[in-house]
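# A structural walkthrough
Chain by chain, the residues run as shown.
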Amino acid sequence: MNYKNREELRVTVDYNYMMSKSLGDKGISDAELSAVADKAAKAYDYVAKNRGRDDLFMGWTELPYNQDEIVADIIKTADKVRKKFKYFVVLGIGGSALGPIMAFNALKHLHYNELSDEKRNGPKFYVEDNVDPVRMQALLDVIEPEKTCFNVISKSGATSETMTQYLIIADILKKKGVNLPDNIIFTTDANRGNLIKIDNSYGGKFKKYVLPDGVGGRFSEMCPVGLLPAAVLGIDIKAMLAGAAYMDELCAKGEISSNPALACAVLQYITMNQGKNINVLMPYSDNLKLIADWYCQLWAESLGKAVDYDGNTVNAGTTPVKSLGVTDQHSQVQLYTEGPYDKVITFISVGKYATEMPIAHGCEDIPDVGFLGGHTMQELIQAENKATAYALMRAGRLNYTINVPEINEFTLGQLMYLFELQTAYTGALLNIDTYNQPGVENGKKATFALLGKKGYEGQKAEMDSAPALDKKYTV
């Protein structure tokens, strides 16, 4: 694709409907923005100073620049996979699954797997991101495992969900006489972990890609975790990385007025401190529907923290909510417009859709219908987008819009990097560790104990000795 004329494909942020000039006393004043300018500059400096540091899990910041050799190898591997296999399946969970499925949804035909082989021009694509047995059986009902390339994604190789998927698939392949390295690619740690042990047991025969030390799962779409599946689908991964680098360039200053990601972070930070504890992401595009799922993990897992760096109990974060325009105008917007003043709505607006789809003339004798004729579906969805933002503003509801000129690899790279930087800046403003997830660990440990994993006997004993559940609270 041609992404050289970058300015025409520039992703921008319009936050007029966040400001008091539009919303009166419900909005943010210029004085309030100025009051946090120094703190915002310090947050920017913190992220800039620590770029690329693996010990702080900020290696994601350098992914647009340091992967030339890896990208070249991924493209070669993807070409082989496309020629050899009928299906490509990602086995993973969390960021290992949400990123690949988000990019697939954004950049490929919305009914890709249903297209004919000629129109699809690549393997059918599936992502297994759960351990629901019905879901696994459903996958097995529609693929032929011996004709499938499986990409197992786990840094430690100890992720229970991913390794459960692997064990089931490996057993099926073995029973069909398949040599596992012929049908499986690992994305994992460079030197350690259970997938490396499995590879060693096969004499190092598995094709492997590295999930870098300084890149956490929710920031991993632009490393081999996301790049390999994307390349297998025929997505231009060089353009995606170029888009991320362009957004990085656009965010190279520490002033709110000239850094779109910092502006988004500050808007969320100010409203967070005002008690706005719900963060709605509402793209007006079915292709961008799943970016809201990806964003929910990025935001929630990064910012939902009990304590700050000074040891203060802060219980930071806001609750991300995924919404889809126009669909959720008919299910959620009533609440956004007239419910509690506890939300900030972020719209993603598309300037040019892949097709316009003209609306035919007809029903001229029925004015409520006839007026639509002669317009296009693109006009309609864009009008509804603008109208919803305007109606929310008129009701005193905070909202801002991220404008995407069109949906392609270059703009998706910009959008992902914008959200990642916004999250990093917000974490710095909150003085929290954006990159850990201690709240996830207790649930993992309890699961290990219930399934009898060695070393978790104490946890099992603790659970067994917990007060019995009172039957009177069961109805």
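Analysis parameters
The residue numbering used here restarts from 1 in each chain and proceeds along that chain's sequence as written. Note on the predicted model: pLDDT of at least 70 is required for a residue's local features to be given, and 80 or more for side-chain atom pairs to be given and counted; whole-chain, interface and lining totals, by contrast, use all residues. Hydrogens are left out, water is left out, and the side-chain values use all remaining heavy atoms of the structure. Only DSSP runs of H or I covering at least 4 residues are called helices, and only runs of E covering at least 2 are called strands; the numbering of each starts at the N terminus. It is over C-alpha atoms that the radius of gyration is taken, and the globule rule equals 2.2 Å times the number of residues to the power 0.38. The classification of residues rests on relative accessible area computed with a 1.4 Å probe and restricted to protein chains. Under 20% of the type maximum is buried, over 50% is exposed, and intermediate values are partly exposed. For this analysis, residues touch if any pair of their heavy atoms sits within 4.5 Å. Exposure was quantified through the Shrake-Rupley algorithm and a 1.4 Å probe, taking into account, for residues, occlusion by the shown protein chains and nothing else. The span one expects for a helix is its residue count, reduced by one, times 1.5 Å. Our arc is simply the arc of the directions from the helix axis toward the C-beta atoms. The salt bridge definition used is simple: a Lys or Arg side-chain nitrogen within 4 Å of an Asp or Glu carboxyl oxygen. Should DSSP find at least two bridges between two strands, the strands are taken to pair. For every element, the axis is a line fit to its C-alpha atoms; helices are fit only across the contacting stretch, and the angle between N-to-C directions ranges from 0 to 180 degrees. Take the far helix as your reference; a near helix turned counterclockwise from it by less than a right angle gives a left-handed crossing, and one turned clockwise gives a right-handed crossing. For this scheme, ten residues count as nonpolar: Ala, Val, Leu, Ile, Met, Phe, Trp, Tyr, Cys and Pro. Four count as charged, namely Asp, Glu, Lys and Arg, and the remainder, Gly too, count as polar.

## Considering the overall build of the protein chain
The helix and strand inventory of the protein chain stands at 20 helices and 10 strands. What you see for the protein chain is a C-alpha radius of gyration of 24 Å, in line with the 23 Å of a compact globule of 475 residues. With 475 residues in all, the protein chain has 50% of them scored as buried. Long-range contacts, defined here as pairs at least 24 residues apart, represent 75% of the contacts in the protein chain between residues at least 6 apart. Of the accessible surface of the protein chain, which amounts to about 22600 Å², a share of 52% is contributed by carbon and sulfur atoms.

## Some remarks on helix H3 (residues 37-49)
The terminal C-alpha atoms of H3, which comprises 13 residues, lie 18 Å apart, in line with the 18 Å expected from a rise of 1.5 Å per residue. Of the positions making up H3, those classed as buried are Ala-40, Ala-43, Tyr-44 and Val-47. In a view along the axis of H3, the buried residues occupy a sector of 100°, so they form one face of it. Away from the buried face of H3 by more than 90 degrees, exposed residues Asp-38, Lys-42 and Lys-49 are located.

## Regarding unusual backbone geometry
The bulk of non-glycine residues show a negative phi, and the bulk of peptide bonds are trans. Cis peptide bonds are those with omega within 30 degrees of zero, and the linkage from Gly-325 to Val-326 qualifies with 10°. Of note, Val-326 is situated in the loop between strand E8 (319-322) and helix H15 (333-338). At Asn-121, a residue that is not glycine, the phi angle is positive and equals roughly 55°. Tracing the sequence through the fold places Asn-121 in the loop between helix H6 (117-120) and strand E3 (124-128). In this structure, Met-357 is a non-glycine residue whose phi angle is positive, near 60°. Within the secondary structure, Met-357 sits in the loop between strand E9 (343-352) and helix H16 (367-370).

## Examining the pattern of salt bridges
Summed over all chains, the structure comprises 25 salt bridges. Where Glu-301 meets Arg-218, a salt bridge forms, and the shortest distance between an N and an O atom there is 3.0 Å. Here Glu-301 is found in helix H14 (residues 289-303), whereas its partner Arg-218 is found in the loop between strand E6 (207-210) and helix H11 (224-232), with 83 residues between them in sequence. We classify Glu-301 as partly exposed; its relative accessible area is 23%. With relative accessibility at 4%, the residue Arg-218 sits in the buried group.

## Some points on the sheet that holds strand E7 (residues 278-283)
In space, the five strands of this open sheet follow the order E1-E10-E9-E7-E8, with mixed pairing throughout. Strands with a single pairing partner mark the edges of an open sheet, and in this sheet they are strand E1 (12-14) and E8. Averaged over all adjacent pairs, the angle separating strand axes in this sheet is 20°, with direction ignored. Sheet analysis places E7 next to E9, joined by six bridges and oriented parallel. Residue pairing for E9: Pro-283 is matched across the bridge by Ile-348. Contacting E7, E8 and E9, H14 crosses the sheet at an angle of about 170° to E8. The sheet contacts of helix H18 (residues 409-430) involve E1, E7, E9 and strand E10 (399-406), and relative to E10 the element is tilted by about 150°.

## A word on the packing of H3 against H18
Relative orientation of the contacting elements H3 and H18 amounts to 115°, with a least axis distance of 8 Å. Considering only the axes of H3 and H18, their crossing is right-handed. For the pair H3 and H18, contact is made by Lys-39, Ala-40, Ala-43, Tyr-44, Tyr-46 and Val-47 and by Leu-421, Ala-424, Tyr-425, Ala-428 and Leu-429, respectively. Per-class residue counts for the contact of H3 with H18 are 10 nonpolar, no polar and one charged.

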